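# A structural walkthrough
Here is how the chains run, residue by residue.
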Amino acid sequence: EVTISGPAGATIYYTLDGSTPTASSTQYSEALTLSDTTTVKAIAIKDGVSSSVATHTFTKGTGNGGGVQGED
C-alpha cells in the first residue's frame, strides 16, 4: 500500500500512468494498492495554489514476500 500526504487542508490529486497530475486528475482519498511496477505522480492544491509534482516509482519486488517497494 502507498499513502500520500500533504499540507493540512490541501487536496491531493494523483496519476498512475506517468502523466502530470492536475486538479482534473483522480483525487486521493485512501491508500493505493499497487500490484505492478508503477510511477505515482501527485500534487497538493490548497487555496488555489498547486505544489510541485512529487514523483516516485514503486518497483514490484522479486524476492521473498513479493510486494511493491519504493525505488529512488
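Bear in mind that the values here come from a model prediction, so they are computed numbers and not experimental data. Every chain is numbered independently, its residues counted from 1 as its sequence is written. Selection of residues for local features in this predicted model requires a pLDDT of at least 70, selection of side-chain atom pairs for listing and counting requires 80 or more, and totals for whole chains, interfaces and linings are taken over all residues. The basis for the side-chain values is all heavy atoms of the structure; hydrogens and waters are excluded.

### Re the overall build of the protein chain
Just so we agree on the cut-off: By definition, any uninterrupted DSSP run of H or I lasting at least four residues is a helix, any uninterrupted run of E lasting at least two residues is a strand, and each is numbered from the N terminus. Burial classes: relative accessible area under 20% of the type maximum marks a residue as buried, over 50% as exposed, and values in between as partly exposed (1.4 Å probe, protein chains only). Residues are treated as being in contact if the distance between any of their heavy atoms lies within 4.5 Å. Shrake-Rupley sampling with a 1.4 Å probe provides the accessible areas, and residues are treated as covered by the protein chains on show and by no other component.
Across its full length, the protein chain holds 0 helices and 6 strands. When the helices and strands of the protein chain are listed from N to C terminus, the series reads β-β-β-β-β-β. Of all 72 residues assigned to the protein chain, the portion counted as buried reaches 28%. Contacts in the protein chain between residues at least 24 apart in sequence constitute 34% of all its contacts with a sequence separation of at least 6. A total of about 4700 Å² of accessible surface is found on the protein chain, and carbon and sulfur atoms cover 44% of it.

### Some thoughts on the side chain of Ser25
Within the secondary structure, Ser25 is located in the loop between strand S1 (11–15) and strand S2 (26–27). Using a relative accessible area of 19% as the deciding quantity, one classes Ser25 as buried.

### Thoughts on the environment of Thr20
With respect to the helices, strands and loops of the structure, Thr20 is situated in the loop between S1 and S2. On the basis of relative accessible area, Thr20 is assigned to the exposed category, the value being 52%. Counting along the chain gives 35 residues from Thr20 to Thr55, while the straight-line C-alpha distance between them is 9.3 Å. Non-local contacts of Thr20, meaning those with residues more than four positions away in its chain, are made with Thr15, Ser25 and Val53.

### As for the packing of aromatic side chains
The condition is simple: Any two of the Phe, Tyr and Trp rings considered here, Trp counted by its six-membered ring, make a pair once their centres fall within 6.5 Å; the pair's planes then place it as stacked at under 30 degrees, edge-to-face at over 60, or tilted in between.
Considering all chains together, one arrives at 1 aromatic pair under this definition. A ring pair is formed by Tyr14 and Tyr28, whose centres lie 6.3 Å apart and whose planes are at 80°; its orientation type is edge-to-face. Placement of Tyr14 in strand S1 and of Tyr28 in the loop between S2 and strand S3 (38–46) is noted, with a sequence separation of 14 residues between them. Exposure remark for Tyr14: the relative accessible area of 13% places this residue in the buried category.

### A few points about the pattern of salt bridges
The condition that has to hold: We define a salt bridge as a side-chain nitrogen of Lys or Arg found within 4 Å of a carboxyl oxygen belonging to Asp or Glu.
Inspection of every chain in the model, using the stated rule, returns 1 salt bridge. Ionic pairing is found between Lys60 and Asp36, a salt bridge with its closest N-O pair at 4.0 Å. Of this pair, Lys60 sits in strand S5 (residues 54–60) while Asp36 sits in the loop between S2 and S3, placing them 24 residues apart in sequence.

### Quick look at the nonpolar core
A general tendency of soluble globular proteins is for nonpolar side chains to be buried together. Short version of the rule: Within this scheme, the nonpolar core is defined by two criteria: the residues are buried Ala, Val, Leu, Ile, Met, Phe, Trp, Tyr or Cys, and they are joined through side-chain atoms within 4.5 Å.
Ranked by size, the top nonpolar core spans 11 residues in total: Val2, Ile4, Ile12, Tyr14, Tyr28, Leu32, Leu34, Val40, Ala42, Ala44 and Phe58. Elements with a contribution of two residues or more to this core: S1 and S3. Ranked by residues supplied to this core, first place goes to S3 with 3 residues. Setting aside residues up to four positions removed in sequence, Leu32 forms contacts with Glu1, Val2, Ile4, Tyr14, Leu16 and Val40.

In short, geometric facts, not functional conclusions.
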